[in-house]
Structures are given as C-alpha cells and as structure tokens.
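Tertiary structure, described
This is what each chain is made of:
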Amino acid sequence: MRIGIDDTDSPAGMCTTYLGAVLIHRLRESGIRVTGQRLVRLNPNVIYKTRGNAAICIEAEGDADEAFRIASACIEELAEFDEEKTNPGLVVAEKKLPVSFYHQAVTGFCTIEEAEAVCHAAGARVKKWKNGRGIIGATAGIAAEQADMTWELLAYRDHTDKGERTVETESLFRAEEKTFPHTWDTVDTENNCIVCFPHTPDPVIFGIRGESPEWVTKARGYVRSQKPVMEVIYHTNQGTDAHLLEGTIASIVDGCSYRLTGVVADTPVTGRGGHVSFLLSDTSGEVRCMAYEPTKGFRDIIRGLAPGDEIFICGSYKNESINLEKIRIISCPEIVRQRPPLCPSCGKRMKSDGVDKGWKCRRCKTRAEEPETVHESRTVSPGWYEVPPSARRHLAKPLCRGIPPA
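How each quantity is defined
Residues numbered from 1 in each chain as written. Predicted model: local features only at pLDDT ≥ 70, side-chain atom pairs only at ≥ 80, totals over all residues. Heavy atoms only, no water. 1 Å grid on protein atoms, 1.4 Å probe; cavity = no way out; pocket = protein on both sides within 12 Å on 5 of 7 lines; lining within 4 Å. Points joined across faces, edges and corners; volume = space filled by probe spheres on them. Helix = DSSP H or I, 4+ residues; strand = E, 2+ residues; numbered from the N terminus. Nonpolar A, V, L, I, M, F, W, Y, C, P; charged D, E, K, R; others polar. Core = buried A, V, L, I, M, F, W, Y, C linked by side-chain atoms within 4.5 Å. Buried < 20%, exposed > 50% of the residue type's maximum accessible area, 1.4 Å probe, protein only. Contact = heavy atoms within 4.5 Å. Axes fitted to C-alpha atoms, helices over the stretch in contact; angles between N-to-C directions. Parallel < 35°, antiparallel > 145°, perpendicular 65-115°, else oblique. Left-handed = near helix turned anticlockwise from the far one by under 90°. Expected span 1.5 Å × (residues − 1). Polar contact = N/O pair within 3.5 Å; in protein donor to acceptor, adjacent residues only side chain to side chain. Phe/Tyr/Trp six-rings, centres within 6.5 Å; stacked < 30°, edge-to-face > 60°. Salt bridge = Lys/Arg side-chain N within 4 Å of Asp/Glu carboxyl O.

Quick notes on empty space enclosed by the protein
Tallying each qualifying case throughout the model produces 1 cavity of 30 Å³ or more. One number sums up the size of the largest cavity: a volume of about 50 Å³. What lines the largest cavity is Arg-38, Leu-39, Val-40, Tyr-102, Ala-144, Glu-145, Gln-146, Met-149, Thr-236 and Asn-237. The element best represented in the lining of the largest cavity is strand S2 (residues 33-41), accounting for 3 residues. Grouping the constituent residues of the lining of the largest cavity by class yields 5 nonpolar, 3 polar and 2 charged.

Notes on the nonpolar core
In terms of nonpolar packing, the biggest core is built from 37 residues, with Ile-3, Leu-23, Leu-27, Leu-90 and Tyr-156 touching the most fellow members. For this core, the elements supplying multiple residues, two or more each, are strand S1 (2-6), helix H1 (16-29), S2, strand S3 (54-61), helix H2 (64-78), strand S4 (89-93), strand S6 (150-156) and strand S11 (230-236). The element that contributes the greatest number of residues to this core is H2, accounting for 8 residues. Every residue in contact with Tyr-156, bar those within four places of it in the chain, is listed here: Thr-17, Tyr-18, Ala-21, Pro-203, Val-204, Ile-205, Pro-228, Val-229, Met-230, Val-232 and Tyr-234. In this structure, Val-264, Val-287, Phe-298 and Leu-305 belong to the second largest nonpolar core, which totals 27 residues.

Details of the packing of helix H3 (residues 99-107) against helix H5 (residues 134-143)
It is the contact of H3 with H5, at a shortest axis distance of 8 Å, that shows an interaxial angle of 125°. Classified by the angle between their axes, H3 and H5 sit oblique to one another. The handedness of the crossing between H3 and H5 is left-handed. For the pair formed by H3 and H5, the contact residues are Val-99, Phe-101, Tyr-102 and Ala-105 on the first element and Ile-136, Thr-139, Ala-140 and Ala-143 on the second. Among the residues forming the contact of H3 with H5, the class breakdown is 7 nonpolar, 1 polar and no charged.

Observations regarding the layout of surface pockets
Reported here for the second largest pocket is a volume of approximately 260 Å³. Residue lining of the second largest pocket: 18 residues in total, with Thr-189, Glu-386, Pro-388, Pro-389 and Arg-392 positioned closest to the centre.

A word on the environment of Ile-205
Among the secondary structure elements, Ile-205 is positioned in strand S10 (residues 204-210). In this structure the C-alpha to C-alpha distance between Ile-205 and Ser-225, which are 20 residues apart in sequence, comes to 8.1 Å. The contacts of Ile-205, once residues within four sequence positions are left out, are Ala-155, Tyr-156, Arg-157, Arg-165, Val-167, Phe-197, Ser-225, Gln-226 and Pro-228.

Regarding H2
Over its 15 residues, H2 extends 21 Å from the first C-alpha to the last, a length consistent with the 21 Å expected when each residue adds 1.5 Å. Listed as buried for H2 are Ala-64, Ala-67, Phe-68, Ile-70, Ala-71, Ser-72, Cys-74, Ile-75 and Leu-78. Buried residues belonging to H2 abut S1, H1, S4 and strand S5 (125-128). Put simply, Asp-63 is the residue that caps the front of H2, since its side-chain oxygen is 2.8 Å from the backbone nitrogen of Asp-65.

Notes on the packing of aromatic side chains
Applying the stated criterion to the full structure yields 2 aromatic pairs. Ring centres 5.5 Å apart and planes at 70° place the aromatic pair Tyr-18 and Tyr-156 in the edge-to-face group. One end of the pair, Tyr-18, is in helix H1; the other, Tyr-156, is in strand S6, with 138 residues separating them in the sequence. Taken as a pair, Tyr-18 and Tyr-156 share a single burial class, namely buried. Seen in terms of ring centroids, Phe-312 and Trp-384 are 5.7 Å apart; in terms of plane orientation they differ by 75°. Their pairing is edge-to-face. Taken as a pair, Phe-312 in strand S17 (residues 310-318) and Trp-384 in strand S24 (residues 383-386) lie far apart in primary sequence, 72 residues in all. You can call Phe-312 buried: its relative accessible area is 4%.

A few points about the pattern of salt bridges
Under the criterion given, the structure shown has 28 salt bridges. Linking Arg-38 and Glu-59 is a salt bridge whose minimum nitrogen-to-oxygen distance equals 3.9 Å. On the criterion of sequence distance, the pair formed by Arg-38 in strand S2 and Glu-59 in strand S3 is long-range, its members being 21 residues apart. For Glu-116, the salt bridge is made with Lys-128, and the minimal N-O distance between the two is 2.7 Å. Residue Glu-116 is found in helix H4 (residues 112-121), and its partner Lys-128 is found in strand S5; the two are separated by 12 residues along the sequence. Through salt bridges with shared partners, a single network forms among Arg-2, Arg-38, Glu-59 and Glu-145.

Okay, here's the thing in structure tokens:
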C-alpha cells in the first residue's frame, strides 16, 4: 500500500516531511513494515501552497485500515489546523493510482474533485480536514512515478522548538567541498551563504540533497549541529526538472513552467530592485523573461545577451513574464556596428554629409566614403548557465547533474 499526506504545515511551523517521519516511526511500532518513503514536489506556482508544495508518500506492507487510523491520528495531532491555508488530506491506496494525475499536479493544476475521482476509482481510503485541498498532493504523491529521482536526508528537531537552529557553518561548507557534485545545494559557495536549512520556525534542522543514499549519508557525516530527534532519507523528484513542459511562446499558460527556444528581441535592461529583463521571441510571439535580484551573478549573463542571440530557456511563466531558472546560449555572434570615421587631421568624428554622400569633417573639410566598422567583444559565450543554489527552486535540475536536453 501507499500512504499519501499533504498540506499539514504553515509558515508558522510544522513540516509535512516531519509528520511523515513521525508516521514512519509509528507505523513500524505498530508492526506495519515500511518499505520506502518519498518526498514529492508539485507545481511550484500553485497559489494555495503553504511553503514548498511537497507531499509525502510512504510505501508499506500491512493492514491498510490500521495504517489509515494511525496516519489520521498523526495528522490530527501535528498538523497546523489554526492556519487558514492549511487543509490536510490523507489517502491510503492498495492499488496503483494513474501516473497521469502526478504529471498533471507537477506541471499544471488539479482540483479536489479530480483527486477524489481518482481515489474512488481505485477504492482508496480518503480523509479530508477543513476544505481538504491536501488530498490533491496526497493523491499525486501516491501516483508519482518517474525514472529520474534523487535523494534528500533530512534532520529534525522537536516540532515544539521554534528557536534558532544550531549548525556549524564551516561543517556545511566542508560537506559541500567533500561531496559535490554527488551532493548539491548544501551551501552557495559563490555567494557565501547556507542553502540547506529553512528560515521558518519548522522542525527541519538541515537537509542534504544528492544522487544516492550513500552520498547524502557521507555528506551528513561532516555536518556538526544540535542533536536531531529524527533523521530520514527520502527518495524525491527534487532536482529533476519534472515541472517543465515543452512549448512555444503562444502556447504558454500562467502558472506553468516551460522549456522554450527563441531569439533575444531587445537589449536586456536592469530595472528597479536590480531585476534584469529582456524580450524573447519565436515564430509564435514574444514574452518577457526575468532574472530577479536574488539570482545575483546570473544577472550578469543575462545582461550580456544581445538582440539576435539564439537561446534555450527554462523557467516558470507567471504574471506575464518568465522567471528564469537556467538558460543555454546557443549562439551569440560578434556584435558588428558602424559609426562615423575619425578625421585623420583633427581626430574628431566626422558628420554624415547626407544619404549615400559619405562623411565630412566640419572643421577640416576632410571627406571619407566608408564608415568605421567596430567589432565589439562579447561578455558571454555559448553554453549553459544557471541561477545560484540560493535562488534555485526545489524541482530545478542543477547543471552538476548533467546537461539537460535542449
């Protein structure tokens, strides 16, 4: 059977993964055999999410009615019911749910009614609290299947502890140094900041993401922190680009994320707050692309683009612009422009003498028939570029995991 849980946390505390860890322990205590646990991220643009839009799926063997009872009690004890946007859902399924529902939930949007229909068709046990929106994520977590998966080790403090976390900064940078690229996003070395723990009062002390249980365990061995009350390694779709759809500019839908190929249509500009934007065009239309201030040095790559550059982008379309996650510069030709020539006598720029009449120095009366050709060097070159770890979304695939198809 598979046990799906979602929407139990809030900005003020709790974490669905922590509740999952507690549930794993209680299931084992009851004699139910836990065979695996997954952390499934869903569409990062959903407005109803409380934080990271993550659902939990626990794979187990045993009495499904007992598992349903234990899970229900766990949610009723730990979920943040006082938070308006927290609407927990629980699903226990003994049959497989259609993977198409997961794909819809990670790349687009699903309704409570659609989730209920999927669960009813499979004879799954379902429980909703408040408006029950959490059954969408719970159903998607159970239905999730994909070939490319990663792992995350999460260390927890007690959920009642709302104080400052105690983690030795140097140990996190050491873990990154010793295990990258087999683990990633522990720290942001370029911007000298920590990435692997949240800034909200929830139970997570830190999390280590990597390509296997062995690598995240090795990295965890370097970390010095307050003593965790629990640690769990989840199999996850994080770092896989599972949220991205293929598309053209004319086909993009607000709230979805895309891979697009196009041509830079204007010169990138830096706006208020340090955000950098430009227009991307393809044969179907144009769309504005954004590199926001938190992407730091990535904005310099965007500033280096020029009209006519061919690029491939990955990002989420929201509020009429695409929030860039990474780009591939396919071609960025040398910029060649012409300007009035210098007067050989006085060194000043000549002025146009009229259409097709060449140039003339107003002071020396010297003439020239041809303009000066200027070859401008580029600050960018073909290749892949990504936002730093501190600005990366959970689902975005880091380049250290391999070059994406483009």
